Structures are given as structure tokens and as C-alpha cells.
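Observations on chain architecture
The residues making up each chain are set out below.
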Amino acid sequence: MNSSKNGIVFLSVPESLRGRVEAESGGNFSIDPSIPIPVELPPGEKDLDLENLSWEMILSGMIRVVSENPGGEDADYYRRFVLAVKPDILGEFSEAAILKARNGDYDMALEIFAALKGLFPASPVVLLNTALVLEDRADALERAGREEEAEAENERAHGVYKEVLALDPPFPNALFNGAFFFMKRRNFDKAREYFSKYIPLSDDPEKKDRAQKIVREIETRSLDDEIFREAYDFIRMGNETEGINKARNFLERHPDVWNGWFILGWGLRRLERWEDAAAAFRKAIELGGDNADTRNELAICLMETNDLKGARKELEAALSEEPENVKIISNLGILALKNGDDAEAAAFFRTVLELEPEDPVALQYLSRFDD
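For the structure given in this document, a descriptive report is provided here. Quantities reported herein were computed from a predicted structural model and do not represent experimental measurements.

What to know about helix 7 (residues 147-165)
The end-to-end C-alpha distance of helix 7, which contains 19 residues, comes to 26 Å, matching closely the 27 Å that a straight helix rising 1.5 Å per residue would cover. Taken together, the buried positions of helix 7 are occupied by Ala150, Glu153, Asn154, Ala157, Val160, Tyr161, Val164 and Leu165. Take helix 7 and look down its axis: the buried residues cluster within an arc of 125°, on one side only. Residues of helix 7 that are exposed and angled more than 90 degrees away from the buried face: Glu148 and Lys162. Of the surrounding elements, those touching the buried residues of helix 7 are helix 6 (124-143), helix 8 (172-184) and helix 9 (188-198).

Let's talk about the pattern of salt bridges
Enumeration according to the criterion identifies 32 salt bridges in this entry. The salt bridge involving Arg192 is made with Asp189; its shortest N-O contact spans 2.9 Å. Here Arg192 pairs with Asp189, and both are found in helix 9, just three residues apart, close to one helical turn. Across the salt bridge formed by Asp233 and Arg229, the nearest N and O atoms sit 3.5 Å from each other. You can see Asp233 and its partner Arg229 sitting in helix 11 (residues 226-236), four residues apart, about one turn around the helix. Owing to a relative accessible area of 26%, Arg229 belongs among the partly exposed residues under this scheme. Connected via shared salt-bridge partners are Glu151, Glu155, Arg185, Arg229, Asp233 and Arg236.

Considerations on the packing of helix 17 (residues 326-338) against helix 18 (residues 342-355)
Contact geometry of helix 17 with helix 18 gives a least axis separation of 7 Å together with a crossing angle of 165°. Classified by the interaxial angle, the pair formed by helix 17 and helix 18 is roughly antiparallel. As for how helix 17 packs across helix 18, the hand of that crossing is left-handed. For the pair helix 17 and helix 18, contact is made by Val326, Ile329, Ser330, Leu332, Gly333, Ile334, Ala336 and Leu337 and by Asp342, Glu344, Ala345, Phe348, Phe349, Thr351, Val352 and Leu355, respectively.

Conventions and cut-offs
- Residues numbered from 1 in each chain as written.
- Predicted model: local features only at pLDDT ≥ 70, side-chain atom pairs only at ≥ 80, totals over all residues.
- Heavy atoms only, no water.
- Helix = DSSP H or I, 4+ residues; strand = E, 2+ residues; numbered from the N terminus.
- Expected span 1.5 Å × (residues − 1).
- Buried < 20%, exposed > 50% of the residue type's maximum accessible area, 1.4 Å probe, protein only.
- Arc of directions from axis to C-beta.
- Contact = heavy atoms within 4.5 Å.
- Salt bridge = Lys/Arg side-chain N within 4 Å of Asp/Glu carboxyl O.
- Axes fitted to C-alpha atoms, helices over the stretch in contact; angles between N-to-C directions.
- Parallel < 35°, antiparallel > 145°, perpendicular 65-115°, else oblique.
- Left-handed = near helix turned anticlockwise from the far one by under 90°.

So this is what it looks like as C-alpha cells:
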């Protein structure tokens, strides 16, 4: 045994392992006895009992080493070792990580993809999947009303997208998904850029047609206008007054673009100018922005001006479009409280917790009923 570090023990290659590796790899990999083998210790153990040495401990040790130090002296050897024994590890681990993400275990999903990045440092698939998991976690945090945490996850996703979008040759799926990421952040200039790069590389007629339509819409509506992006960024960063001024500037030149009215309404709502915000959201709906986000925002303004019937109508319309949106369901719970219907409110908040068990808004309101 050579050394140990952070739950990893390095030991000389057992004689029995050499023949097994060569057999597992079909003779395509030869053990180098001069390179020690990293072994991951079971949780809580400080020393390795060689009688309990398992194949999984060896592979886990190698994966951890290349994940934590991908440029290490023996990293390439460990990669080849793992791939010789488990040639399908990219697909197997990716499927496991995606399943974890779907079940809301984002930390484990990201841990698996970090391990895969160590094994496949140049893989665009691993990078893209990592970005998508970070996006999903950001969306879940935003639905739960944890906007600052959501923004931090989106920034992490942005960093991964920058890496995968800079690959040469370009990875078409990254261009397509990256464009949608920028669309969600109202950076339509970047969205148009990456959709335009995706179109000539696409071998998927449906996705190509969708990208072309979005590019045309961005250009027709002038959504790639720098002032539009600045309006969104100012409001997102908490400078609502400057963002509203930029939105009005945009609307002076593009009065029929519903997205501009939405951004204006968003800024006004954050300043608690409820009636002005409601008017902007209604204009957005009139011009084509009839979607769950706009109606949810309008409903918030209507609740604050005590138009509870109107708020209910907007929230129900929004919920019919996105039936699992916890922000909408939470707002229906708050509306029920304003109407004095505690039982209905509790039912809405319990539904939220079925979708997002740690949702702070639902937990806070339900705690009132438990007292």
C-alpha cells in the first residue's frame, strides 16, 4: 500500500487484478505495475481491508481522482483503465444522472456529470447535460420563489454554456439549447446568434424549422435590440427605475411588441405600482403575450388592487396552460386566503408541496394552519 488521501487509498497493483482487467477489456488494455491504483474507501473507514477490496472501490477511486484532478500525471491512464473495463460508462452514468435530475436530486445528478467530465473532459454531451441540469434546478428554485438562488444557478449554467458553445467544431444540440437558455434570460441577440449558427448544421427538420421561426420573430419584433436587453438586465439586477426607462424607450420605437410591455409591467410591479403594471400586462396580452407568465403577473397586480374576481380568472387561465407551475398554485392559495377560504388555501399549498416539498411560501402559510 502506498498512500492515502481524502478517502482514497493508493496501492500497488494486485497480481490478481492484472489478469482480470486484461480479460475484461478483451486484451485491449495492459496494466502498468509502476502506477498505483486509487481505491475509494467505504464511508466512515480510514484504512483499507484488502480482503474487502472490490471492483467498484477501484473504479470509484479512479473516477474520483480524474474528476478532482483531470490534468493529473496519471489521469489519462486511469481514464483508459475505466473505459477498458466499462466501455458503456458514458451512456450508463448519463442515464442515471438524468433520472436523478428528473426526480429532483440535482446535487447527485451534477456529481455524476462532474465524474463524467473527469473521464471525458472534451465531451460536449457531458457539458450540455450539466448545463441542462443547472437550468432545471434554477427553474425549480424560481418556481419556489427563491429567485436569488435561481439566479445563481442560472449563472452557473451560463458558465457551462459558454464552455460548450465555444467548442470547435460546434456541437449542434448545444447551439439549439443554448439559444433557448438565452431566450429565457431575454437576451434575444445571443439567442438569434446561436439559432442562426444551429440552422445550417441541423439534421432535424422539425428543430430547424422551429429555430428559423424564432429567428424571424426576433428580427421582426426587434427583440435583439440592445435597449430591450438592457431593460431586462436593469430590472433583474434591482434597478427598476432605469429598466422602466429603457423599456419605455424601446416601446417608443416598437409599440406593438408585447415583450416590451411585459418588461415594463414587470418593472412597475416590482415597484408596487400595481395599476400601471396591470395596464402594461393587459397591453402585452392584447398584443399577443397571452401566456401563463403574463397572466400570473397580472393576477398579482389585481390581488393588490383588491380585484379578487379578476385575479382568480387570470390565475385559472394561467394554470390551465401550466398546471404544475407552483408560483401560480401558490398565488391561488394566497387568493383563497384573501377570500377568507382557509380550507381551499391549505389545499393549494399542499399541492405546491407535492410538487416542491421545500417550497418556502407553502411551508410558511401551512404553518399558520398548524398553529
